[in-house]
2 protein chains.
Amino acid sequence: MEQYVFGADIGGTTVKLGLFTQAGEKKDVREIPTRTENGGAQILPDIADAIRGTMTEYGIGQSEVCGIGMGAPGPVDANGWIDHAVNLGWGKMNLKESLRQLTGLPVAVGNDANVAAFGEAWKGSGSGCRNLLMVTLGTGIGGGIVADGKILTGASGAGGEIGHIHLEDGEEEACNCGSRGCFEQYCSATGAVRLANRLLAEKPQEPSVLRDRTFTCRELFAAARDGDPIAVEARGRYGEYLGKGLAVCATVLNPEIIVLGGGVSKAGTLLIDLLKPSFDACVFHGAKGVRFVMAALGNEAGIYGAARMVIEG
Amino acid sequence: MEQYVFGADIGGTTVKLGLFTQAGEKKDVREIPTRTENGGAQILPDIADAIRGTMTEYGIGQSEVCGIGMGAPGPVDANGWIDHAVNLGWGKMNLKESLRQLTGLPVAVGNDANVAAFGEAWKGSGSGCRNLLMVTLGTGIGGGIVADGKILTGASGAGGEIGHIHLEDGEEEACNCGSRGCFEQYCSATGAVRLANRLLAEKPQEPSVLRDRTFTCRELFAAARDGDPIAVEARGRYGEYLGKGLAVCATVLNPEIIVLGGGVSKAGTLLIDLLKPSFDACVFHGAKGVRFVMAALGNEAGIYGAARMVIEG
């Protein structure tokens, strides 16, 4: 009798749910809306319903499911407690225990960025790699660490929050986290736009297609590709910060691979060219052998990693 | 029949060797010189001799020894390979296999700073703690990471080399590692003296007991305690860098405890007062709960950690 595993990845607008065989083969993937009203009270019941629905559809009995893995956007400790997931409305609660009660199935839970890294280290571009850092360059910066084949959870589930390492002393604006000078303030998609806007203000005489309008990170990179001097320089500063921040992480962790994911990584391997000079200048020589690769699983990394948590138990 | 374990810690001038029971009780500790001549060819044979000598003295037979744990000053990968230990004259060699052949006993090897952290997390001030960062503030900065109860070795044995995280962009002098702006350049004992000498040069009019002489880090801290304004300000800058560097590490790792060890830590808990303001300003809120403690095992942390590697195998 075939054994199955579910992998769920809770995002701010949708929950992605994957059905996998025990061997790691993906059989189904679906999305349900994340209902954040009423303090997010419906999120776990909705997931439980979607799991039951999938089981019915595929004719899978309760005894054929080994368990449910789940990634959630917040710090999740080793016992399954999440401590405030602002985007979902959740306060402190035990996700592992709650979903177990709703489904009667064993549950494993982790922070979404860590779980995505665990997925990339399994079926993605870090496949088979035991020491990996994944950085997700989106609206913010997410980080996930796999050390010796396991997720680095940390004492309270905040392991791998590299978006908030301190990178710049002189910063006057505050990060979303309240600190000043976080990695995320320069190297998220929002950060890239900020760097370009600062440069526009520093050089009021320099013409640029980006001037006097709002623009996205994607548009900034497009303008740089077309040779706009402000955009080229902003993109250069972006790469410099990215290399410096990742060098700090690599010096602490000595990963074999750094996986670049998230919206900004759509710029492709150009990103590696941009970050390499400052990375090489700042990283400890003992950690220099790290390889940079682009994420391969896209927004399915989370469901893969979640399923893997159950399979490798 | 009682079972025994050896723990060895190889330093640049001496090798410390401990005999432990399988239960972790220390029965004997001795030191032998580290003979670095001839590319350090005698170091492992000397350790093997010292182990045999100890066994004879205590009437311990080969079958009563579970194994030998060893910490070495360089990157040691998961298979026991060390890749250049400059202080000892070693090139690339397999320590685990070499010592096994010399003794006929199972061997476990790790980087000395990581092994010391593993010891403090066992019988020292981090006893029972599964997520710990140890920083050794000496001539350089050593770092050791315990994540989920295991040493964080990294891909090539350079995990935890926090002394070389990039902390300062404007630095003009090079670190021993070749980079510029490493943590160690500010927060080792040597770094503290450097900060004070820079301050003396910045303020040529300001009188100070440190002016026009050479001084040690210990003398700098003594002068600060006596109220010398330059020394007080230098000590403040030292604390600021220390807090910032440790905040970066804590944001990546989310440890439960940070253990402060090494010569500079003789300044005691004052060090915690000095580093706390910048630590709190820079660390990610999810990692803020970390406790700072002073190392408890002194220069025996290494032999404890080495023995633990065998015991927890």
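A.B. asks: Explain helix 3 (residues 95-103) of chain B here, please?
C.D. replies: Side chains three or four residues apart in an α-helix point the same way, a direct result of the helix having 3.6 residues per turn. Residues and elements named next belong to chain B. Among the residues of helix 3, Leu95, Leu99 and Thr103 are the ones counted as buried. Viewed along the axis of helix 3, the buried residues span an arc of 45 degrees, placing them on a single side of the element. Tucked into the core, helix 3 has its buried residues touching helix 2 (43-58), strand 4 (65-72), strand 5 (81-85), strand 6 (90-94) and strand 7 (107-111). Its side-chain oxygen 3.1 Å from the backbone nitrogen of Lys96, Asn94 forms the N-cap of helix 3.

A.B. asks: Just checking my understanding: could you explain the pairing of strand 1 (residues 4-10) of chain B for this structure?
C.D. replies: Residue and element names in this part refer to chain B. Burial of strand 1 is extensive: seven of the seven residues sit out of reach of the surface. Where burial is concerned, the two faces of strand 1 agree: the one with Tyr4, Phe6, Ala8 and Ile10 and the one with Val5, Gly7 and Asp9 are both buried. Counting the residues in the hairpin turn of strand 1 and strand 2 (residues 14-21) gives three residues. Inspection of the sheet shows strand 1 paired to strand 4 by six bridges, in the parallel sense. The partner of Tyr4 across the bridge, within strand 4, is Val65.

A.B. asks: Would you mind showing me how to read the relation of the copies chain A and chain B here?
C.D. replies: Each copy of the sequence occupies a distinct position, and chain A is placed on chain B by a rotation of 180 degrees and an axial shift of 0.0 Å, giving an RMSD of 0.0 Å. Both chain copies can therefore be described as sitting about a two-fold axis. A share of 100% of the interface residues of chain A reappears at the interface of chain B, consistent with the copies meeting face to face through the same patch.

A.B. asks: Before we go on, may I ask you to explain the pattern of salt bridges in this structure?
C.D. replies: Side-chain pairs of opposite charge can arise where the charged atoms are in close proximity. In total, this model carries 38 salt bridges over all chains according to the counting rule given. In this structure, Asp49(B) engages Arg52(B) in a salt bridge whose closest nitrogen and oxygen atoms are separated by 2.9 Å. With a gap of three residues between them, Asp49(B) and Arg52(B) both fall in helix 2, about one helical turn apart. We classify Asp49(B) as partly exposed; its relative accessible area is 45%. A salt bridge links Asp280(B) to Lys276(B); the shortest N-O distance between them is 3.4 Å. Remark: Lys276(B) and Asp280(B) occur in helix 9 (residues 270-282); sequence separation between them is four residues, near one turn of the helix. For Asp280(B), a relative accessible area of 29% puts it in the partly exposed group. Among the residues examined, Lys276(B) registers a relative accessible area of 28% and is labelled partly exposed. The network of salt bridges with common partners includes Glu171(A), Glu173(A), Arg194(A) and Arg198(A).

A.B. asks: Can you walk me through the state of the cysteines in this structure?
C.D. replies: A covalent bond between the sulfur atoms of two cysteines is referred to as a disulfide. Counted according to the given criterion, the structure contains zero disulfides over all chains. Unpaired in terms of disulfides, Cys187(A) finds its nearest cysteine sulfur in Cys217(A), a separation of 10 Å. Unpaired in this structure, Cys175(B) has its nearest cysteine sulfur neighbour in Cys177(B), at a distance of 3.9 Å. Classification of Cys175(B) as buried rests on a relative accessible area of 7%.

Quick notes on the rules
Residues numbered from 1 in each chain as written. Chains lettered and ligands numbered in written order. Predicted model: local features only at pLDDT ≥ 70, side-chain atom pairs only at ≥ 80, totals over all residues. Heavy atoms only, no water. Buried < 20%, exposed > 50% of the residue type's maximum accessible area, 1.4 Å probe, protein only. Helix = DSSP H or I, 4+ residues; strand = E, 2+ residues; numbered from the N terminus. Arc of directions from axis to C-beta. Contact = heavy atoms within 4.5 Å. Polar contact = N/O pair within 3.5 Å; in protein donor to acceptor, adjacent residues only side chain to side chain. Pairing = 2+ DSSP bridges. Least-squares fit on C-alpha atoms with pLDDT ≥ 70 in both. Salt bridge = Lys/Arg side-chain N within 4 Å of Asp/Glu carboxyl O. Disulfide = S-S within 2.5 Å.

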